[in-house]
Amino acid sequence: MSSLLRGEEMCLAQLFLQSGSAYDCISELGELGLVEFRDLNPSVTAFQRKHVNEIKKCEEMERILGYLLREVKKADISLPERDVNPVAPLPKHVMAIMEQLQRLEVELGEVTRNKEKLQRNLLELTEYTHMLRITRKFVQRTAEREPLQVQYEEFPFLEKETMMDYSSMQRLGAKLGFISGLIQRVKIEAFERMLWRVCKGYTILSYAEVEEYLENPDTGEPTKCVVFLISYWGDQIGQKVKKICDCYHCHVYPYPSSNEERNDVVEGLRTRIQDLHTVLNRTEDYLRQVLIKASESVYTWVIQVKKMKAIYYILNLCSFDVTNKCLIAEVWCPVNDIPTLRRALEEGSRKSGATVPSFVNRIPTSDTPPTLIKTNKFTSGFQNIVDAYGVGSYREVNPAPFTIITFPFLFAVMFGDLGHGVIMAVFAAWMVLCENNRKLKNTRNEIWNTFFEGRYIILMMGLFSIYTGLIYNDCFSKSLNIFGSGWSVKAMGWTKEQWENNRFLTLDPNVTGVFKGPYPLGIDPIWNLASNRLTFLNSYKMKMSVILGIIHMSFGVILSTYNYLHFRKKYNLYLVFLPELLFLLCLFGYLVFMILYKWLAFSAKDSRHAPSILIHFINMFLMQGDGLQPLYPGQTGLQIFLVVIAVLSVPVLLLGKPVYLYWLHNGSHRLGLYRGYERVRRNSEEELYLMRAHDMEEGSSHSDLSSSGENPTEEFDFADELLHQAIHTIEYCLGCVSNTASYLRLWALSLAHAQLSEVLWAMVMRVGLRMDSTLGVLFLVPVFGLFAVLTVSILLVMEGLSAFLHALRLHWVEFQNKFYGGTGVKFCPFAFSLLPSSFEHDGLL
Amino acid sequence: MPSLLFCGPKMAACGIVISIWGVIMLAMLGIFFSAKSAVLIEDVPFTEEDIRGDQNPPGNIYGLYNQVGINCFIAAGIYVAVGAVSLCQVRLNKRQEYMVT
């Protein structure tokens, strides 16, 4: 189970696949998700690869599937939720699927086109009806004016004539014409103006708006239309009017010349509209049926096509061997999974009915394999936040298992509130308990997905915050008095005058009976009422931050020994690790010791003349301070000793490793027998290759071994190494100081959180509680609601994210730069479940 | 009869969460006020007059404590009602969702 600590051991393997069973074998491997394929044809473009035709077919099928899914989505049909996982179809079944898809596409296309045509038709008839109805009103309006008309002898008008103009113009011998139709409302004014300018008053335009919205056939949106009626006389005017109507995209309909004709047309239209409605309904029903039937199997097809395409991509990565009978693939595979790989290949061969089985062969390599760290649903969150900084180098110590505890702990030190911790833990517990709920898993909301992926991290953070909330004794900014305070006010014995005349009174722990002993767990609740609370807490939290920081950093330095031991670079232990540790502990470890000593050795009685640690620490470096009272006997001597050791460890750190390596390489005739053997027996290159691979497997890096003259790239460059080590030394020594100070953010953020919490209570909740009128009760209800909302949004979300970020930074920079390389490549296995689907991306699935 | 549904599913869920939190927290506050906890002294609406002009030394303050405690309990009771209303809204929302699809 060294996987989480260090990463799996990987090897490069060659798969020999028979041509007939290659497809099935790769399908098996895709289901398992064991191996990562390497590209054996890197110089070939995508279009020159072998299986490009099959991939084109797959993409054609995906296109049809996309069209189907869009139609299904438009018709608001919900896809059946299912957990099917169909295997990739064999090449012989692909034709059947392709046929079905093409048939569906053609059918759908036809039905949709028909439907559109019918709808257009319906729209025209509806418009015609509106037009007839509204122009009748024009007629009735003008008809009202009839009785007012003076009767001229020359122009006796017929009783039944509806258009007065018509008759008079007829007498004049001019031809009166009508054009009627519909136009969009936004265009009517421009239309009118154009008509007036062009026809110069030889036309009369009357229009009225249609009450209901009609659907615009081009855009599909409902628009307002206007019915117009143009009466003109003269043919040329008529043509001009027609041209203008065309220009403005009017829908023109024939105008009935008499009332009977109008009624007939209206009747005919009504029946036609009814028929059309029936036909349209039937068409829509049919379309829906087709789509529902398609939607049942579309999900299966999508997965099958995705898998097929992936398999062909992988087949393109393989190359043929000399005999052209079998396919060779190179994969990265974890060593422990090679039996599983063998079984998968056997299974694939059996399924395809091949006589000759495919097999796997492990080959040695000098390339660095990718890093694989197997995680479960709990550890994957923590591994993700470590990988976000950098994926670990191959077989390097992985900080993730330690991060599981230290990260929530450092977060909780900065967050430290019992009430907020409870809310956070409850929220995370709800997410964890409902983690199998499909709706929660598959939402597309990015922010929710981020929180959901980190639900175990948030749960740990909440639980640890409950713990630190108990230690800080802070619950929504109020302290809980669980065990009874250790301070007694009565024992001070103040008189009534003192009570009434003094604004602040000091509890002196030196008076008997005032301080009865420390509070069993955490900070005494009486500090919540004290005016010098912050002075006390600041000192406590600052020292605690420094202590935690030094412990965290020392742990990081100690972890580097794991790497040195694993990669067989034992000299690093003495030349790098030891000076680093000594430097850190002699200076800052001593500071921690002084803090702890002062806490233990000095009590309230000595508080007046307790020494300041800061002054002592500074004097340690300046080698001064004989005038100060020592903390303990022998302090000066010890301090000088520690400073000398720390100062001496710097040149060792700076020069030790380069000098040693230089001596190693240039005094190579002094090397051991093993290397001598290698030099003598280097006739077969393969043996040398295998020997190096053997070293590789055992975990030793061969870059610093003697090159034995074979590889000129293994030259040792002293200047390069010295520069490297100088940079490392400066970085480390300066980093020790700055990183220690950086840990003070633990104090700063916890102070900020506590103060924000207190301000929120004082400004919101206290206002509600202090209301002593009868209405005060009702006021408390919305005040609490406001308090709750502000707590969640400011204190939980904002402060939580802030503390998360700072804890993460402390891990990434201050902790990991003591030992972590982070320059590896992540292992991406070929697995169908990990492949993204382009439909999900478009929101269609 | 107009629909009794007046808020969406998310608002109703928020209502339930705040109600549960309100009931628990206000009930505990009420208990702590009734237990005359010293930490909550700043939240009690006392004046100088209450302290100086008191016949029985902490009598007035204790009375005020009790009053605020009772206020808290009443507010907790109101939150129970709010919670019940939110629960109804959640159920109505679920029923509507079920009926539409």
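Residues numbered from 1 in each chain as written. Chains lettered and ligands numbered in written order. Predicted model: local features only at pLDDT ≥ 70, side-chain atom pairs only at ≥ 80, totals over all residues. Heavy atoms only, no water.

Things to note about the overall build of chain B
Next up, step 1: Tallying secondary structure elements over chain B gives 3 helices and 0 strands in all.
Next up, step 2: Secondary structure elements in chain B, listed N-terminal to C-terminal, are α-α-α.
Next up, step 3: Here the C-alpha atoms of chain B give a radius of gyration of 20 Å, more than 25% beyond the 13 Å that 2.2 N^0.38 yields for 101 residues.
Next up, step 4: The dimensions of chain B, computed from C-alpha atoms along their principal axes, are 70 × 25 × 15 Å.
Next up, step 5: If you take every contact in chain B between residues at least 6 apart in sequence, the share linking residues at least 24 apart comes to 76%.
Next up, step 6: Carbon and sulfur atoms form 70% of the exposed surface of chain B, whose accessible area is close to 6400 Å².
Next up, step 7: Between the averaged position of the 6 positive side-chain charges in chain B and that of its 7 negative side-chain charges there is a distance of 24 Å. (Helix = DSSP H or I, 4+ residues; strand = E, 2+ residues; numbered from the N terminus. Rg over C-alpha atoms; globule rule 2.2 N^0.38 Å. Contact = heavy atoms within 4.5 Å. Areas by Shrake-Rupley, 256 points an atom, 1.4 Å probe, with all protein chains shown as cover. Lys, Arg positive; Asp, Glu negative; His and termini not counted. Charge placed at Lys NZ, Arg CZ, Asp CG, Glu CD.)

Concerning the UniProt feature "transmembrane region" (unreviewed entry) in chain A
All names here are of chain A.
Next up, step 1: Mapped onto this numbering, the UniProt entry annotates "transmembrane region" (unreviewed entry) at residues 409–433, 454–472, 544–565, 572–597, 640–663 and 776–798.
Next up, step 2: Overall, residues 640–663 shows 100% helix and 0% strand. The separation of its end C-alpha atoms is 33 Å.
Next up, step 3: This span, residues 776–798, is 100% helix and 0% strand, and a straight line between its end C-alpha atoms measures 31 Å. (UniProt positions renumbered as here; feature names shortened; annotations may be inferred.)

Section: the side chain of serine 545 of chain A
Residue and element names in this part refer to chain A.
Next up, step 1: You can see serine 545 is positioned in helix α17 (residues 533–566).
Next up, step 2: Using a relative accessible area of 0% as the deciding quantity, one classes serine 545 as buried.
Next up, step 3: At 2.7 Å, the side chain of serine 545 forms a polar contact with the backbone oxygen of lysine 541.
Next up, step 4: Aside from chain neighbours lying at most four places away, what touches serine 545 is Tyr743, Leu744, Leu746 and Trp747. (Buried < 20%, exposed > 50% of the residue type's maximum accessible area, 1.4 Å probe, protein only. Polar contact = N/O pair within 3.5 Å; in protein donor to acceptor, adjacent residues only side chain to side chain.)

Notes on the domain arrangement of chain A
Reports often express the size of an interface as the amount of accessible area lost when the parts come together.
Next up, step 1: Split by domain assignment, chain A resolves into domain 1 (117–142 + 174–282), domain 2 (378–484 + 519–656 + 719–818) and domain 3 (485–514).
Next up, step 2: In this structure, domain 1 of chain A and domain 2 of chain A have C-alpha centres spaced 79 Å apart. (Domains from an automatic or database assignment.)

What about a positive patch on the surface?
Next up, step 1: Judged by side-chain charge, Lys439 of chain A together with Lys10, Arg91 and Lys94 of chain B come together as a positively charged surface patch.
Next up, step 2: Looking at the element boundaries, lysine 439 of chain A is found in helix α13 (residues 438–441). (Patch = residues over 30% accessible without salt bridge, like charges linked within 9 Å, V, L, I, M, F, W, Y side chains within 5 Å. Salt bridge = Lys/Arg side-chain N within 4 Å of Asp/Glu carboxyl O.)

Side note on the packing of aromatic side chains
Next up, step 1: Here the structure, examined in full by the defined rule, presents 43 aromatic pairs over all chains.
Next up, step 2: Each ring, one from phenylalanine 178 of chain A and one from tyrosine 255 of chain A, has its centre 5.2 Å from the other, and the planes form 35 degrees; the classification is tilted. In this pair, phenylalanine 178 of chain A sits in strand β3 (residues 176–184) while tyrosine 255 of chain A sits in the loop between β8 (251–253) and α8 (259–317), placing the two residues 77 residues apart along the sequence.
Next up, step 3: What makes tyrosine 255 of chain A buried here is its relative accessible area of 17%.
Next up, step 4: Through a chain of ring-to-ring contacts, the aromatic side chains of Phe476, Trp761, Phe784 and Phe787 of chain A together with Trp21 and Tyr79 of chain B assemble into a single cluster.
Next up, step 5: Directly above the aromatic system of tyrosine 472 of chain A lies the positively charged group of lysine 541 of chain A, at a separation of 4.4 Å from the ring centroid.
Next up, step 6: Between lysine 36 of chain B and the ring centre of tyrosine 62 of chain B, over which it is positioned, the NZ or CZ distance is 5.3 Å. (Phe/Tyr/Trp six-rings, centres within 6.5 Å; stacked < 30°, edge-to-face > 60°. Lys NZ or Arg CZ within 6 Å of the ring centre and 35° of its normal.)

Observations regarding the interface of chain B and chain A
Next up, step 1: The interface of chain B with chain A comprises 26 residues on the first partner and 27 residues on the second.
Next up, step 2: Of the roughly 2200 Å² buried between chain B and chain A, counting both surfaces, carbon and sulfur atoms make up 73%.
Next up, step 3: For chain B, the biggest contributors to the area lost against chain A are Trp21, Val39 and Asp43 of chain B; these three give 29% of the whole.
Next up, step 4: Taken together, the links from chain B to chain A amount to 3 salt bridges.
Next up, step 5: For glutamate 42 of chain B, the salt bridge identified is with arginine 766 of chain A, shortest N-O distance 3.9 Å.
Next up, step 6: At the junction of chain B and chain A, the tally comes to 6 residue pairs in polar contact (both at pLDDT 80 or more).
Next up, step 7: Elements that contribute at least two residues to the side of chain B that touches chain A include exactly α1 (9–34) and α3 (59–100) of chain B.
Next up, step 8: Class assignment of the residues belonging to the side of chain B that touches chain A gives a composition of 20 nonpolar, 3 polar and 3 charged. (Buried area = accessible area lost by both parts, 1.4 Å probe. Nonpolar A, V, L, I, M, F, W, Y, C, P; charged D, E, K, R; others polar.)

Section: the sheet that holds β8 of chain A
Residues and elements named next belong to chain A.
Next up, step 1: In space, the 4 strands of this open sheet follow the order β4-β7-β3-β8, with antiparallel pairing throughout. This sheet does not close on itself; its edge strands, each paired only once, are β4 (203–209) and β8. Averaged over all pairs of adjacent strands, the angle between their axes in this sheet comes to 25 degrees, without regard to strand direction.
Next up, step 2: Against the sheet, helix α6 (residues 188–199) contacts β3, β4 and β7 (225–233), and its axis sits at roughly 175 degrees relative to β4.
Next up, step 3: Sheet strands touched by helix α7 (residues 235–247): β3, β4, β7 and β8. Its angle to β7, the strand with the most contacts, is close to 160 degrees. (Pairing = 2+ DSSP bridges. Axes fitted to C-alpha atoms, helices over the stretch in contact; angles between N-to-C directions.)

A short note on a nonpolar patch on the surface
Next up, step 1: A contiguous nonpolar patch, built from Leu614, Ile615, Ile618, Phe621, Leu622 and Leu628 of chain A and spanning about 560 Å² of accessible area, is present on the exposed surface.
Next up, step 2: Positionally, leucine 622 of chain A belongs in helix α19 (residues 613–622).

Structural notes on the UniProt feature "coiled-coil region" (unreviewed entry) in chain A
Next up, step 1: Under the feature "coiled-coil region" (unreviewed entry), the UniProt entry names residues 94–128 of chain A.
Next up, step 2: In the segment residues 94–128 of chain A, helix accounts for 100% and strand for 0%; the C-alpha atoms at its two ends are 51 Å apart.

Examining the environment of threonine 112 of chain A
Residue and element names in this part refer to chain A.
Next up, step 1: Tracing the chain through its elements places threonine 112 in helix α4 (residues 91–144).
Next up, step 2: Its relative accessible area of 16% is what places threonine 112 among the buried residues.
Next up, step 3: Here the alpha-carbon distance between threonine 112 and glutamate 209, two residues 97 residues apart in the chain, equals 32 Å.
Next up, step 4: Polar side-chain contacts of threonine 112 include one of 2.4 Å to the backbone oxygen of leucine 108.

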